[in-house]
Amino acid sequence: MVSNASDAIDKLNYLRLTDDNLKEKFADWKGQINIKLDEEDKSITIADNGIGMNEEDLIASIGTIAKSGTKSFVEAMTGDAKKDSNLIGQFGVGFYSVFMVADKVDVISKKAGEDQAYKWSSDGTGEFDLAPCVKEDSGTVIYIKLKEDEVSDYTGKFRVENIVKKYSNHIAYPIFLNYSEEVTEELSDEDKEAGKEPEKKIEKKREQINEATALWMLPKSKVKKEEYVEFYKTISHDSEEPMSYVHTKAEGVNEYTTLFYIPSKAPMDMYRVDFQPGVKLYVKRVFITDDEKELLPTYLRFVRGIIDSEDLPLNVSREILQENRIMANIKQGSVKKILSEIKKLSKDEQKYEKFVAEYNRPMKEGIYQDFTNKDAILELVRYKSTNDDTKMTSLADYKERADSEQKAIYYIVGDDEKVLRNSPLLESYKKNNIEVLICDDKEIDEIITPAIGQYQEWDFKDITACEAPKTEQTEEEKKEVEEKFKSIVEKIKEKLGESVKEVKTTNRLSDSPSCVVKDPNDPMASMAHMFRQMGQEMPESAPILEINPDHEIVQKLNGCADDAMIEDVAWLLLDQAKMSEGIEIKDPVSFTKRLNRVMAKSF
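Residues numbered from 1 in each chain as written. Predicted model: local features only at pLDDT ≥ 70, side-chain atom pairs only at ≥ 80, totals over all residues. Heavy atoms only, no water.

## Quick word on the overall build of the chain
Just so we agree on the cut-off: Secondary structure elements are taken from DSSP: a helix is a run of H or I of four residues or more, a strand is a run of E of two residues or more, and numbering for both begins at the N terminus. Radius of gyration here is computed from C-alpha atoms only, and the compact-globule reference equals 2.2 Å multiplied by the residue count raised to the power 0.38. Between buried and exposed lies partly exposed: a residue is buried under 20% and exposed over 50% of the maximum accessible area for its type, with that area taken using a 1.4 Å probe on protein chains only.
Per the secondary structure count, the chain includes 23 helices and 22 strands. By the compact-globule yardstick of 25 Å for 603 residues, the chain is too spread out, its C-alpha radius of gyration being 34 Å. Each principal axis of the C-alpha distribution contributes one length, and for the chain these read about 130 × 50 × 50 Å. For the chain, the proportion of its 603 residues judged to be buried stands at 48%.

In structure tokens form, the structure reads like this:
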């Protein structure tokens, strides 16, 4: 309820500075929150002098469970009806939690700039009453009639004061506690000598119970870890502690303060197009927006926190934010600080494993999105590899383990880690002790990894589209093999037709009879990447079929005169090579028939 009140004041504070209709009327206005405890009445009242609500707002905000009370405000401010906000003061579920301790709740509210006030009442069973009422000033009063067993908890001064200090001490507006206290009259010396008994009376008291200082504006040395954690929980609605946080005050050309948190768990909506950004923008402690996705790059959309600028105008619009040089500088500085904090986190292997589990995928997106910080991001992403199937590796560690003659980073992309680790294409790399990165998140790896280009002057090479590692076979020996198997290679190509682009012998295989690879010069392959990125289908390019001349099947096939057998085995070599790479074969029925015919002839 206190957070709701704080946001309501934030909204009016913003509007009174930017709306000509409200500037004069609220020129001397100062936001405040009042909490009144009444043990005799068994109630607690929370009042603010913020923006308030009219009849329509009350119905939209608390007339329906889980309806956002800040939605209409943000829509009016941004003019974008598709956006919603994530203010800590959302009504809906947050508001309805009051019925855990209340028998009845009255909400009396008057919207700033309007004359009529309204009263909303409900016992939380599903229905509510709404009627006009009288209220002098704008703002909202929430009267909570407590359940019998909750009275002692929520009308006690120390209990309420401790809750506010713990969870709302950072709120930038004063929170006053109004309560009654029994006091004993002080007697004069004469009265004491006369034996007069001191009288007891009830005094009404009012005191401020929060520091009313924006936590992010305090020096780091004055903020305890527990305070950082509680502030994070307030702005993020997260019950867990953050994985890490970084608090920075920048001075110089642009003056601004940032406080960023990395959540322990990835936000639920991180991979949704309509994800809610987690960073709030303030200008000179005045809340501006938390609905702007451009405050940080989208690959850092999991970050929660505050940006408070001293230089931006108060009436900054979404369009201005996107084009403003000051905001661009703040964004650039913020990204560097966050990446620096993640790098510090990477020094702790155990903690960083948790970070990678939650955020490795969006960090990969950053390689593609953020060219300026590409090198820094490459140091932070992690990959599965053939070196170790229990933990992931950094590119720096990959390079350090590589042979001194190796000048490339090899990788293979697909959907299934198990399939990739057992790919025939890895045989020659294993034989030559060359590590290969296992990129099993095909949806993103197929686009991002080829776009990396180089890491510290080492090229990234897809093993499905590059030459096999060097072997002891000389060029002369290679030509002899090609000549020896030339006839069967031509027959296989004839039988497979346009299903393959080319058939050739290879020295990349040791245990498998065949494999399929891509033509690195095929323009259709790179075009397919772009089409898939746009969500469109693209005809698959025909693969190159490579056969292993040292394998028994290929050697027997080379001496075969049975044309039907050659055709069956040719298709089996292609289909099994595809299946080994996790590629679905188009005609499993024909595959089965061919397999059965070949098996029948083997007895």
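## Focus on the sheet that holds strand β1 (residues 33-38)
Note the cut-off: Any two strands with at least two DSSP bridges between them are considered paired. Here, axes are lines fitted to C-alpha atoms. For helices the fit covers the stretch in contact, and angles between N-to-C directions go from 0 to 180 degrees.
Taken together, eight strands build an open sheet; the order of strands is β5-β4-β3-β6-β2-β1-β7-β8 and the sheet is mixed. Two strands lie at the open edges of the sheet, namely β5 (129-133) and β8 (200-208), each paired on one side alone. Across this sheet, the average inter-strand angle for adjacent strands is 20 degrees, counted without regard to direction. When strand β7 (residues 175-184) meets β8, the two strands line up antiparallel, connected through nine bridges. Bridge pairing in β8 links E181 to E203.

## Describing the packing of aromatic side chains
This is how it is decided: Stacked, tilted and edge-to-face are the three classes assigned to paired rings of Phe, Tyr and Trp, where Trp is represented by its six-membered ring and a pair needs centres within 6.5 Å; plane angles under 30 degrees give stacked, over 60 edge-to-face, the rest tilted.
Taken as a whole, this structure holds 16 aromatic pairs when the rule is applied. Seen in terms of ring centroids, F95 and Y96 are 5.5 Å apart; in terms of plane orientation they differ by 90 degrees. Their pairing is edge-to-face. Of the two residues, F95 and Y96, both sit in the buried class. Measuring from ring centre to ring centre gives 4.7 Å for W216 and Y282, while their planes differ by 45 degrees; the resulting arrangement is tilted. Separated by 66 residues along the polypeptide, W216 in the loop between β8 and α9 (225-236) and Y282 in strand β11 (residues 279-283) bring together distant segments of the chain. Accessibility expressed as a relative area gives 5% for W216, which makes it buried.

## Focus on empty space enclosed by the protein
Note the threshold: Definitions used for this entry: grid spacing 1 Å over protein atoms alone; cavity, a set of points where a 1.4 Å probe fits but cannot get out; pocket, an open set with protein on both sides within 12 Å along at least 5 of 7 lines; lining residue, one with an atom within 4 Å of a point. Grid points are joined across faces, edges and corners, and a volume is the space filled by probe spheres set on the points. When residue character is reported, Ala, Val, Leu, Ile, Met, Phe, Trp, Tyr, Cys and Pro are called nonpolar, Asp, Glu, Lys and Arg charged, and the others, Gly included, polar.
The final tally for this structure, using the stated rule, is four cavities of 30 Å³ or more. A volume near 150 Å³ is recorded for the largest cavity. Lining the largest cavity are 16 residues, with S6, D10, H170, W216 and Y282 sitting closest to its centre. Sorting the residues of the lining of the largest cavity by element identifies α1 (2-18), α9 and β11 as the ones contributing at least two each. Class assignment of the residues belonging to the lining of the largest cavity gives a composition of 10 nonpolar, two polar and four charged. Its residues assigned to classes, the lining of the second largest cavity shows eight nonpolar, two polar and three charged.

## Some thoughts on the pattern of salt bridges
What counts here: Here, a salt bridge means any Lys or Arg side-chain nitrogen found within 4 Å of an Asp or Glu carboxyl oxygen.
This model, assessed by the stated rule, comprises 32 salt bridges. Between E417 and K384 there is a salt bridge whose closest N-O contact spans 3.0 Å. Here K384 lies in strand β14 (residues 383-385) and E417 lies in helix α15 (residues 417-421), a separation of 33 residues in the sequence. Given a relative accessible area of 24%, E417 falls into the partly exposed group. According to the relative accessible area criterion, K384 is partly exposed, its value standing at 23%. Among the charged side chains, a salt-bridge network with shared partners connects K384, E417, R421 and D440.

## Section: the packing of helix α12 (residues 349-369) against helix α17 (residues 442-452)
Inclusion rule: Angle categories are assigned with fixed cut-offs, so that under 35 degrees is roughly parallel, over 145 is roughly antiparallel, 65 to 115 is roughly perpendicular, and the rest are oblique. By the definition used in this description, the sense in which the near helix is turned from the far one sets the handedness, with an anticlockwise turn below a right angle giving left-handed and a clockwise turn giving right-handed. Two residues qualify as a contact provided that any one of their heavy atoms is within 4.5 Å of a heavy atom in the partner residue.
Across the interface, α12 lies against α17 with an axial gap of 9 Å and an inter-helix angle of 40 degrees. By the angle between their directions, the pair α12 and α17 is classed as oblique. By crossing handedness, the relation of α12 to α17 is classed as left-handed. Residue-level inspection shows R361, K364, E365, I367 and Y368 of α12 in contact with α17, the latter providing E443, I444, D445, I447, I448, A451 and I452. Residues belonging to the contact of α12 with α17 are distributed by class as follows: seven nonpolar, no polar and five charged.

## Here we look at the sheet that holds strand β20 (residues 502-505)
Spatially, the three strands line up as an open sheet ordered β20-β22-β21, and their pairing is mixed. Looking at strand neighbours, the two that pair on one side only are β20 and β21 (514-517), the edges of this open sheet. Going from strand to strand, the sheet's axes swing by 25 degrees on average, the running direction of each strand aside. Two strands pair when backbone bridges link them, and β21 and strand β22 (residues 544-547) are joined in this way by four bridges, in the antiparallel orientation. Within the sheet, the bridge partner assigned to V517 lies in β22 and is I544. The sheet strands contacting helix α19 (residues 486-496) are β20 and β22, and the helix crosses β20 at an angle near 155 degrees.

## What to know about the pairing of strand β19 (residues 458-462)
Along β19, the buried face is formed by W458, F460 and D462; none of D459 and K461, which line the opposite face, is buried. One ladder, built from four bridges, connects strand β16 (residues 408-413) with β19; its direction is parallel. Within β19, the position partnered with I409 by the bridge is F460. Taken together, the two bridges between strand β18 (residues 454-455) and β19 define a ladder with antiparallel strand orientation.

## As for helix α11 (residues 325-345)
Which entries qualify depends on this criterion: In this analysis, the expected span of each helix is defined as 1.5 Å times one less than the number of residues it contains. To obtain the arc, one takes the directions from the helix axis to the C-beta atoms. Each polar contact in these results corresponds to two N or O atoms within 3.5 Å; when the atoms are within protein, one needs to be able to donate a hydrogen and the other to accept it, and residues that are neighboring in sequence are counted only if both atoms are side-chain atoms.
If you check α11, its first and last C-alpha atoms are 30 Å apart, about what 21 residues at 1.5 Å a residue would give, namely 30 Å. Every buried residue of α11 is listed here: M327, I330, S334, V335, I338, L339, E341, I342 and L345. On an axial view of α11, the arc spanned by its buried residues comes to 160 degrees, and they lie on one face. Projecting away from the buried face of α11 at angles above 90 degrees are the exposed residues R325 and K344. The distance from a side-chain oxygen at the start of α11 to the backbone nitrogen of I326 is 2.7 Å, and the residue carrying that oxygen is N324.

## Considerations on the nonpolar core
For clarity, the cut-off: Note on terminology: a nonpolar core comprises buried Ala, Val, Leu, Ile, Met, Phe, Trp, Tyr and Cys residues joined through side-chain atoms within 4.5 Å.
I35, F355 and M363 are the most contacted members of the largest nonpolar core, which totals 112 residues. One finds F485, L496, V516 and A570 within the second-largest nonpolar core, a separate group that totals 20 residues.

## Regarding the pairing of strand β4 (residues 117-122)
Of all six residues in β4, five are buried, a share of seventy percent or more. As paired strands, strand β3 (residues 102-110) and β4 are joined by six bridges and run antiparallel to one another. The partner of V105 across the bridge, within β4, is S122. The antiparallel pairing of β3 with β4 creates a hairpin that spans six residues between the two strands, and G113 there sits at a positive phi of about 90 degrees. Taking the residues between adjacent antiparallel strands as the criterion, β4 and β5 are bridged by six residues, where G124 takes a positive phi near 80 degrees.

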